[in-house]
Amino acid sequence: MHETYSEALKLGAGWSDRWTATWRMGRTPVTCSVRNLAEVEVFRSQPVRRFTWRTGQWHRPGLEYLVSTDRHHGFESFEEELLLLMADFAADLVEALAQPFRLDFLTTDGMVKHTPDFLLLTASGPWLVDVRPAERIKPEDEVKFAASAEAALAAGWNYSVVTGWRKHIVSIVDSLSAGRRDLTDELDVQEEMLQAAALGPLPFGELVEQCSYSVIARAHALHLLWHRRLGVDLSAPLADSSLVRLAAGNRRRGGEW
């Protein structure tokens with residue numbers, strides 16, 4: 001774990017004043033001490049590092065649309081794209097800032113620079129995140145992650161290193177994402193599914209078959225699952241046998257869901 005590499009960091013008295021974070025506010029770089037990190041107007045910031053596309057590069061950058069923010073966000077690799085998708089599905093995402101700032105910190109070997117991959121602003125608080133497949137993490141990366149963890153702690157943020165996902169989780173969330181955009185429900189199949197699910201958990205296949213138009217209902221079922229109006233256990237792959245429940249926050253009130 002990267003916490004074991006904290007001994008390489010210089011964390012003596014006043015360290016949070018000596019460590020700095022450089023943000024990009026429009027065309028103007030803004031540098032602050034880590035002690036003042038939480039006071040930065042992060043919504044004004046732009047990525048400190050440009051996203052580049054060129055022939056022959058190893059990583060695969062691109063743009064991912066998020067329902068939570070209703071716009072596209074940049075990523076530098078497939079792993080980062082997956083993080084954005086998962087964060088969008090987590091349901092309490094407010095903003096996703098890619099390459100939010102450059103951290104300059106002191107180690108026993110001198111000054112080191114590191115740019116965390118994302119700052120995710122959620123309803124439950126900010127998350128500073130680095131994304132790196134487990135097999136590609138080197139000792140020098142661990143030191144950078146340890147520094148990011150200390151900076152996040154000083155700011156009152158959460159911090160995580162995302163090293164990968166269970167294969168079936170990626171498959172489920174990717175499938176559900178097909179139904180994340182707004183859907184017109186002229187045939188009221190969503191109402192039919194919500195009524196059926198209100199009577200108790202049903203296998204996914206049986207739930208959609210109870211609707212007047214089962215083929216169309218499958219697309220709407222994915223939409224309701226993505227938007228947390230229906231719930232399903234993610235510990236196993238999504239199949240027709242997966243039990244689907246009415247989400248706790250979608251009980252019927254006054255004749256409406």
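In this text the structure is predicted, and so the values were computed from the model without any measurement.

A.B. asks: Just give me the short version of unusual backbone geometry, but keep the residues and values in it.
C.D. replies: One non-glycine residue, D188, adopts positive backbone phi at about 60°. Structurally, the position occupied by D188 is in the loop between α4 (167–177) and α5 (189–198).

A.B. asks: Which residues make up the environment of L194, and what values do they have?
C.D. replies: If you trace the backbone, L194 turns up in helix α5. Once the C-alpha coordinates of L194 and L207 are considered, the two residues, 13 residues apart in sequence, prove to be 9.4 Å apart.

A.B. asks: Could you give an account of the packing of aromatic side chains, with specific residues and numbers?
C.D. replies: Per the stated rule, a full pass over the model turns up five aromatic pairs. Their ring planes at 70° and their centres at 4.6 Å tell us that W15 and W19 sit as a pair that is edge-to-face. Ring geometry for W23 versus F101: centroids 4.9 Å apart, planes at 40°, classification tilted. Placement of the pair is W23 in strand β1 (residues 20–25) and F101 in the loop between β5 (93–98) and β6 (102–107), with a sequence separation of 78 residues. Here W23 matches F101 in class, with each residue buried. Aromatic rings pair up to connect W15, W19 and F105 into one cluster. It is R181 that lies over the ring of Y65; its NZ or CZ is 4.1 Å from the centre. Of note, R228 hangs over the ring of F89, and the distance from its end group to the ring centre comes to 4.1 Å.

A.B. asks: Before we move on, can you summarise the pattern of salt bridges with the specific residues and values?
C.D. replies: Counted by the stated rule, this structure contains nine salt bridges. With its nearest N and O atoms 2.5 Å apart, the salt bridge here joins R35 to D17. Here D17 lies in helix α1 (residues 15–18) and R35 lies in the loop between β2 (28–33) and β3 (62–66), a separation of 18 residues in the sequence. Among the salt bridges present, the one from R218 reaches D240, with a minimum N-O distance of 3.0 Å. Pair noted here: R218 is in helix α7 (residues 214–226) and D240 is in the loop between β12 (230–232) and β13 (243–246), with a separation of 22 residues, a long-range link. What makes R218 partly exposed here is its relative accessible area of 33%. For D240, a relative accessible area of 40% gives the class partly exposed. Look at the salt bridges and you will find they share partners, linking E64, D88 and R180 into a network.

A.B. asks: Tell me about the packing of helix α2 (residues 78–89) against α4, and please be specific about residues and values.
C.D. replies: Axis separation between α2 and α4 bottoms out at 10 Å; the angle between their running directions is 65°. Relative to α4, α2 is oriented roughly perpendicular. Seen from above, α2 lies across α4 with left-handed handedness. Between α2 and α4, the residues in contact are L82, L85, M86 and F89 and I169, V170, V173, D174, L176 and S177, respectively. A class-by-class count of the residues in the contact of α2 with α4 yields eight nonpolar, one polar and one charged.

A.B. asks: Could you give me a rundown of the environment of A217, with the residues and numbers involved?
C.D. replies: Take A217: it is sitting in helix α7. On the accessibility criterion, A217 (0% relative accessible area) is buried. Between the alpha carbons of A217 and M193 there is a distance of 8.0 Å; along the sequence they are 24 residues apart. Excluding residues within four positions of it along the chain, A217 makes contact with V189, M193, V208 and C211.

A.B. asks: Got a sec to walk through the nonpolar core? Specific residues and values, please.
C.D. replies: Residues M193, L207 and L230 are the most contacted members of the largest nonpolar core, which totals 29 residues. Mapped onto this core, the elements with two or more residues apiece are α2, α4, α5, α6 (204–209), α7, β12 and β13. With six residues, α7 is the single largest residue contributor to this core.

What counts, and where the lines are drawn
- Residues numbered from 1 in each chain as written.
- Predicted model: local features only at pLDDT ≥ 70, side-chain atom pairs only at ≥ 80, totals over all residues.
- Heavy atoms only, no water.
- Helix = DSSP H or I, 4+ residues; strand = E, 2+ residues; numbered from the N terminus.
- Phe/Tyr/Trp six-rings, centres within 6.5 Å; stacked < 30°, edge-to-face > 60°.
- Buried < 20%, exposed > 50% of the residue type's maximum accessible area, 1.4 Å probe, protein only.
- Lys NZ or Arg CZ within 6 Å of the ring centre and 35° of its normal.
- Salt bridge = Lys/Arg side-chain N within 4 Å of Asp/Glu carboxyl O.
- Axes fitted to C-alpha atoms, helices over the stretch in contact; angles between N-to-C directions.
- Parallel < 35°, antiparallel > 145°, perpendicular 65-115°, else oblique.
- Left-handed = near helix turned anticlockwise from the far one by under 90°.
- Contact = heavy atoms within 4.5 Å.
- Nonpolar A, V, L, I, M, F, W, Y, C, P; charged D, E, K, R; others polar.
- Core = buried A, V, L, I, M, F, W, Y, C linked by side-chain atoms within 4.5 Å.

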